[in-house]
Amino acid sequence: MITTIKETDERFIATLSGELDTAAAQETEVALQPLLDSKGKEIVLDCTDLEYISSSGLRVLLSILKQAKSVGSRVVLKNVNDVIRDVLDISGFISIFDVE
Amino acid sequence: MTMASFKNGWMSRVGIVVLAAAMVELISIVQYERVRKIMQEEMRYRGRVTLARLSDEISHALELAETTMRENLYYVKKSMAHPDSVNAAMIHLIDGNSHVEGGCLAFIPYYYPSKGRLFEPYATKNKDGTYEVQQIAGPDHDYTQNGEYIWVMDHDEPSWTDPYKYGPDSVSFTTYSYPIKDASGKIIAICGLDVNLSWLGNTLNAHQPYPSSFCIVLTPAGDLVAGPSEDQISAQVVQEVVSFANGDIAQSDLPGLSMLKTALHKEPYWQLVQVFNNDEAFARIQKQRRQQVIYVILCMAILGFVINRYTKNERNLLKATEEQARISGELAVASNIQKEMLPKEFPSYVYGTLEPAREVGGDIFDFYARDGKLFFCIGDVSGKGVPAALLMSMTHSLFHIVTRKVDSPAHILYALNSELCRGNEANMFMTYFVGCLDLYSGELSYASAGHDRPFILTKGISMLEAKSNLPLGVFPDTSFVEQSCVLEPGTTILLYTDGLTEAKNVARQEFGRSGIKATLEHFLSGSDQTLGSLVTSLSDAAHAFAGEAPQSDDLTLLAVRFDPENQIRDSILLKNQKSEVTRLSSFVKEFFAKLNIDHRLASGIRLALEEAVVNVIDYAYPYEEEGTVSIQADSNGKEVRFTITDSGVPFDPTAMLEPDTTLDAQNRPIGGLGILLSRRLMDSIYYSRKNGKNVLSLTKTIL
C-alpha cells in the first residue's frame, strides 16, 4: 500500500495505490494523518490505483470524512474502480462521499 | 341436484303411476263392460226362462178351467132339462177345480117361462167347504146388458173376461164364459166360471231369479192382472212399470229397471212382464268393480312407493357416483400436488423416485443443498392414502424450513418430531432418515427415526451402521442419536422404503434385502454407473419380481453419491493476528488462480472472507490469547465455499445486527461493516458450533 499526499492552495490530493486491506489499514491511517487537519481545504482521494479495500480501509476514509465535514469541507473519491465501487455501494459510503 | 330437476323427477314419477293407474283402470272398465254384457245376456236368458215357465203355468191354469167347462158340459146341458136340477149341476161344475170359486149359468131371456125373463143361478164355494146356489138375476142385475154376455152371444165363442176385483177381500177374478147350445146349435145359455187369480201373484213371484225382480201380468189392453204383493214391491213402482210397458211413458222414472215382455199365445192373450233391477243384477260385479278400484289404488300406491324408492336409490347412486368423481378429481389434484413436491431435477450426485401405490401416498424423499452440503431424507408414513399424504406434505415443508438453519440431522429429526407430535390425534407416525453429506469432504452425518438402514455401495455392498431411533410422531421429547462417517470418493448411499423390501409377488414372497443385494451386485458389474440407472434397475427388478401382483405399498428410492471429481481443495492455518490477513490474501489469490473466475467477483469473495476472518480474530479471542484460525477452501468449479474454523469462544457473526447504511457521515458507526460486507458479497453464510469450535462457512456461486 503506497500513499502520497500533495497539498495545494485549495486542496489536499492523496493518491492511494495498492490494496487497502485490514493488514494495511493501520499504516494507511498513519500515512493519511495530515488529512485529519485539512484546514477547510477540499480533500481529493485519487483511487486510480486502489485495487482493493476492506472495512478497515473504509473506517480510515470515514474518519477523514468526519473531520472534513466538521470544518465544512468535503472529500472527493476519484477514479474509483468497480471493485471499490461495489464496496462503497454495499456499505452506503457512496452516498456520503463525493464519488467522481 | 337442483330444485327443478328434483321437481321434474317427482312429476315424472307421479306421471308413471298415473299412467299405470289409467291403464289398469281402462282394462278394468273394458272387462267390467264385457262381464256386464255377459251378465245382461244371462239376465235376459233367465228372464226368458222365467217368463216361459210363468206363461206355461198361467196357460195351464186357464186351460184347466176350460177343461173343467168342457168336461161338465154334457152334465150341465142335461140338467138344463129342468130348472131345478141346474143347481146341482152348477155345484158339480165348480167342485172339481180349486181355482174356480163360482159358476153361473145365464139363460137367454124366457128360456124357462116359469122363471120369467131373466134366470141366472150362481153357485159359490163357502169358506167352510159347503156350496151355495143363488138366483142372482133381477131388475138390478140384468146380465143381458153385460158386455161379456153380449160379446159371447155375438161371436158365438168362449171368452175370458178381463180381471176384476170382487168380494169383501177384493180378490182378483176372471171369468170364463162359454156358450151352451141346444141340439139345433142355438145358444140357450152362457156358462161362466169365476177363476180366482189370487194364486197368480204368488206363482208369478215365487221363483224369481233375483230377490227384487218381479213379474206382472197385463191384459192385452194393458190392465194389471196380477203382480207382486204390496210388501214385495210398492204399488207405485208396479204402476210405473205398467205405464212403461204400455208405452204410456217414453222413459221410466225408475232408472236401473229393465224388463222383458211376452204374451200368452191364445185367449186371453195376457202379457207377462218380467222386471229386473239392474243394480241388483249387476250388484255383485259392481261390488267387485269397486273392490277392484280399491285394489288398483292400493297397487298404485305400492307402485308409487317402489318407484319412489327406486328413483331415490338411483339418485343416491348418482350422487355417490358424482361424489366419487369429485373425490377422484380431488385425489388427482392432490396426487399432482404431491408429485410437484418431489424434486424433479437431479444433480449428478443424487437421484430418487417415488411410485405411490394409490393416488396419493405417505412416502417421501427430498434433498436440499446449501453451503456445499447435501441434506437428504427419505420417509414412510404409517398407513396409506390421504391421511398419510397429509403427514407427508407436512414433513416435506418442515424439512425445507428446518434444514435452512440446522445442520445436524439429529436436530432436524428433533424439530420434525416436535411438530409431528403436536396434535397428532390420529396417532400416525413416520419412519424417517436424514443425512447431511459434505459434498467436498465426504463427511456424512446422519440420524434415523426407525427407518431401514441404507445400503452403502463402494466396490462392494454393505449396510450403513445406523442406530434406529423411535419413529417420528411417537413421543414429543424423543432425542435422536446422530452418527457420522467420512465417505470414500465414489461411495453411493442407497435409501429405500419398505415398498421395495416388501414388494410381493403373487405367491406372497417378498423381494427383500436379498433381492436388493442381487440387483445391486448386478448393477455394480454393469457399465452404466449413474445413479439414475441404479434407481431404475432396482425399481424394475422389484416390479419384475412382483409380476402380476398389485403394488401393495409406495415404492421410494433415493441414491446419493459422494463424487468429489473436478473439485479443488486447499487450506491454510492462520494465527489469530490481523497481520495474517496478508497470508490469507495470498492464499485466496492462489486458490482463485486455479479457478476461472472474474476479478471483480474474486475481489468480493476475498473481501467477504477477510472480513469474516478479521471478525473471528476480533471477537473469538477476547482475552488476546494465542489461537488459530483454519480456512478450508473448496470449489467444484460452480461454487466456492470457505470454511473458517476456530477454537475461540462461541461467536456467531451471523447473529450480529447490521449497521444502518443510510445514516449520514457524522452518525455513521465505525464498526459492523465487516459482517455486512460478508453477507452481501456471499450467497450464504452459515454458522455452527461443532465439537467446541466455531465453524463458519461462506458460499458463493461463481458460474
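Residues numbered from 1 in each chain as written. Chains lettered and ligands numbered in written order. Predicted model: local features only at pLDDT ≥ 70, side-chain atom pairs only at ≥ 80, totals over all residues.

A few points about the overall build of chain B
Operational definition: To qualify as a helix, a DSSP run of H or I must reach at least 4 residues; to qualify as a strand, a run of E must reach at least 2; elements of each kind are numbered from the N terminus. Every C-beta atom is placed from the backbone, and the number of other C-beta atoms within 10 Å of a residue's own sets its class: buried at 20 or more, exposed at 12 or fewer, partly exposed in between. Any residue pair is listed as a contact if its two C-beta atoms, each placed from the backbone, are within 7 Å.
Counting its secondary structure elements, chain B contains 15 helices and 26 strands. Here chain B holds 703 residues, and 34% of them are scored as buried. Of all intrachain contacts in chain B linking residues separated by at least 6 positions in sequence, the fraction that spans at least 24 positions is 64%.

Some remarks on the overall build of chain A
Along its length, chain A carries 3 helices and 5 strands. Beginning at the N terminus, the succession of helices and strands in chain A can be written as β-β-α-β-α-β-α-β. Each of the 100 residues in chain A was classed as buried or not, and the buried ones make up 45%. Long-range pairs, those at least 24 residues apart, make up 72% of the contacts in chain A with a sequence separation of at least 6.

Brief notes about the packing of helix H13 (residues 581-593) of chain B against helix H14 (residues 599-619) of chain B
Residues and elements named next belong to chain B. Applicable threshold: Angles here are taken between N-to-C directions and fall from 0 to 180 degrees, while the axes themselves are lines fitted to C-alpha atoms, restricted in helices to the stretch in contact. Crossing handedness is read from the near helix: turned anticlockwise from the far helix by less than a right angle, it gives a left-handed crossing, and turned clockwise, a right-handed one. Note that Gly is not counted as nonpolar here; it falls among the polar residues with everything else outside the nonpolar set of Ala, Val, Leu, Ile, Met, Phe, Trp, Tyr, Cys and Pro and the charged set of Asp, Glu, Lys and Arg.
Put simply, H13 and H14 touch, their axes get as near as 10 Å, and they point 145° apart. Between H13 and H14 lies a crossing whose hand is right-handed. Contact with H13, carried on its side by Val581, Leu584, Ser585, Val588 and Phe592, involves Ala602, Arg606, Leu609, Glu610, Val613 and Val614 of H14 and no other residues of that element. In terms of residue class, the contact of H13 with H14 is made up of 8 nonpolar, 1 polar and 2 charged.

Concerning the interface of chain B and chain A
It is common to report an interface's size as the accessible area lost on association of the parts. Taken together, the contact between chain B and chain A spans 24 residues of the former and 20 residues of the latter. Going through the elements one at a time, H13, H14 and helix H15 (673-681) of chain B are the ones with two or more residues in the side of chain B that touches chain A. A per-element tally of the side of chain B that touches chain A places H14(B) first, with 7 residues.

Observations regarding the confidence of the model for chain B
Basically, it comes down to this: Note on scores: pLDDT gives the predictor's confidence for each residue, bounded by 0 and 100.
Confidence in the prediction for chain B averages 87 pLDDT; 97% of positions are at 70 or higher. Interface predicted TM-score (ipTM) for the complex: 0.94; the corresponding pTM is 0.62.

So, the packing of H14(B) against H15(B)
All names here are of chain B. As a reminder of what qualifies: Roughly parallel means an angle under 35 degrees; roughly antiparallel, over 145; roughly perpendicular, 65 to 115; everything else is oblique.
Remark: H14 packs on H15, axes separated minimally by 8 Å, with the N-to-C direction vectors making an angle of 140°. As far as their axial angle goes, H15 and H14 are oblique. Read as a crossing pair, H14 and H15 show a hand that is left-handed. Judged by residue contacts, Gly604, Ile605, Leu607, Ala608, Glu611, Ala612, Val614 and Asn615 of H14 engage Gly674, Ile675, Leu677, Ser678 and Leu681 from H15.

Observations concerning the pairing of strand S4 (residues 75-78) of chain A
Residues and elements named next belong to chain A. Our working definition: By this definition, two strands are paired if DSSP reports at least two bridges between them. A crossover gets the label right-handed when its path from the first strand over the helix to the second runs clockwise, viewed with the strands pointing away from the viewer.
Alternating residues of S4 divide into Val75 and Leu77, all buried, and Val76 and Lys78, none buried. As paired strands, strand S3 (residues 42-53) and S4 are joined by 4 bridges and run parallel to one another. Paired with Leu45 across the two strands is Leu77, which belongs to S4. Considered for its hand, the β-α-β crossover made up of S3, helix H2 (residues 55-70) and S4 is right-handed. Here S4 pairs with strand S5 (residues 98-99) via 2 bridges, running parallel. Along S5, the bridge assignment pairs Leu77 with Val99. The β-α-β motif built from S4, the intervening helix H3 (residues 82-91) and the parallel element S5 has right-handed crossover chirality.

Observations regarding helix H4 (residues 198-206) of chain B
All names here are of chain B. Worth spelling out the cut-off: This arc corresponds to the set of directions leading from the helix axis out to the C-beta atoms.
Taken together, the buried positions of H4 are Leu200, Gly201 and Leu204. All buried residues of H4 lie within an arc of 100° about the axis, which places them on one face of the element. Projecting away from the buried face of H4 at angles above 90 degrees are the exposed residues Asn202 and Ala206.

Comments concerning the sheet that holds strand S11 (residues 271-277) of chain B
Residues and elements named next belong to chain B. With antiparallel pairing, 4 strands are arranged side by side in an open sheet as S9-S8-S11-S10. On the outer flanks of this sheet lie strand S9 (224-226) and strand S10 (257-263), each paired with one strand and no other. The average undirected angle you get between the axes of adjacent strands in this sheet is 35°. Inspection of the sheet shows strand S8 (residues 214-218) paired to S11 by 5 bridges, in the antiparallel sense.

Points about the environment of Glu610(B)
Residue position: Glu610(B) is located in helix H14. Residues in contact with Glu610(B), not counting those within four places in the same chain, are Asp21(A), Thr22(A), Ser54(A), Val581(B) and Leu584(B).

Some points on unusual backbone geometry
For residues other than glycine, phi is negative in most cases, and the peptide bonds are mostly trans. Residues and elements named next belong to chain B. One non-glycine residue, Tyr110, lies in positive phi territory at about 60°. With respect to the element layout, Tyr110 can be found in the loop between strand S1 (100-107) and strand S2 (121-125). Looking at Tyr110, the number of C-beta atoms within 10 Å reads 12, which means it is exposed. At Asp156, a position not held by glycine, the phi torsion is positive, near 60°. Tracing the sequence through the fold places Asp156 in the loop between helix H3 (147-155) and strand S4 (159-160).

Topic: the sheet that holds strand S2 (residues 11-20) of chain A
All names here are of chain A. Read from one edge to the other, the open sheet built from 5 strands follows the order S1-S2-S3-S4-S5, with strand pairing classed as mixed. Among the strands making up the open sheet, the edge pair consists of strand S1 (2-7) and S5. Of the strand pairs in this sheet, S1 and S2 are connected by 6 bridges, and their pairing is antiparallel. Residue pairing in the sheet places Ile2 in a bridge with Ser17 of S2. Contacts from H3 reach S3 and S5 within the one sheet, and its direction differs from that of S3 by about 110°.

Description of H13(B)
In plain terms, the rule: To estimate how far a helix should reach, multiply one less than its number of residues by 1.5 Å.
If you check H13(B), its first and last C-alpha atoms are 18 Å apart, about what 13 residues at 1.5 Å a residue would give, namely 18 Å. Those residues of H13(B) not exposed but buried are Val581(B), Leu584(B), Ser585(B), Val588(B), Phe591(B) and Phe592(B). Taken down its axis, H13(B) places every buried residue within 130° of arc, on the same side. Facing away from the buried side of H13(B), by more than 90 degrees, are the exposed residues Ser586(B), Lys589(B), Glu590(B) and Ala593(B). Buried residues along H13(B) sit against helix H1 (22-31) of chain A together with strand S22 (568-575), H14 and strand S23 (628-635) of chain B.

A look at the environment of Leu439(B)
All names here are of chain B. Residue placement: Leu439 occurs in the loop between strand S15 (430-438) and strand S16 (443-449). Classification of Leu439 by C-beta neighbours within 10 Å gives buried; the count is 23. Spatially, the C-alpha atoms of Leu439 and Arg370 are 9.9 Å apart, while their sequence positions differ by 69 residues. For Leu439, the residues in contact, after removing those within four places along its chain, are Tyr349, Gly372, Lys373 and Leu374.

Some remarks on the pairing of S8(B)
All names here are of chain B. Judged by how many residues are buried, S8 sits mostly within the fold: 5 of 5 residues are covered. Judged by which residues are buried, S8 turns out to be covered on both faces: Phe214, Ile216 and Leu218 on one side and Cys215 and Val217 on the other are all buried. With 2 bridges connecting them, S8 and S9 associate as antiparallel partners. Its bridge partner lying in S9, Leu218 is registered against Leu224. The turn linking S8 back onto S9 is made up of 5 residues, and Gly222 within it adopts a positive phi angle of 100°.

A look at the environment of Ile702(B)
All names here are of chain B. Relative to the elements of secondary structure, Ile702 occurs in the segment after strand S26 (693-701). Note on Ile702: 18 C-beta atoms within 10 Å, which makes it partly exposed. It is 8.8 Å that separates the C-alpha atoms of Ile702 and Asn596, two residues lying 106 residues apart in sequence. Contact partners of Ile702, with chain neighbours within four places excluded, come to Leu595, Ile597, Leu601, Lys638, Glu639 and Val640.

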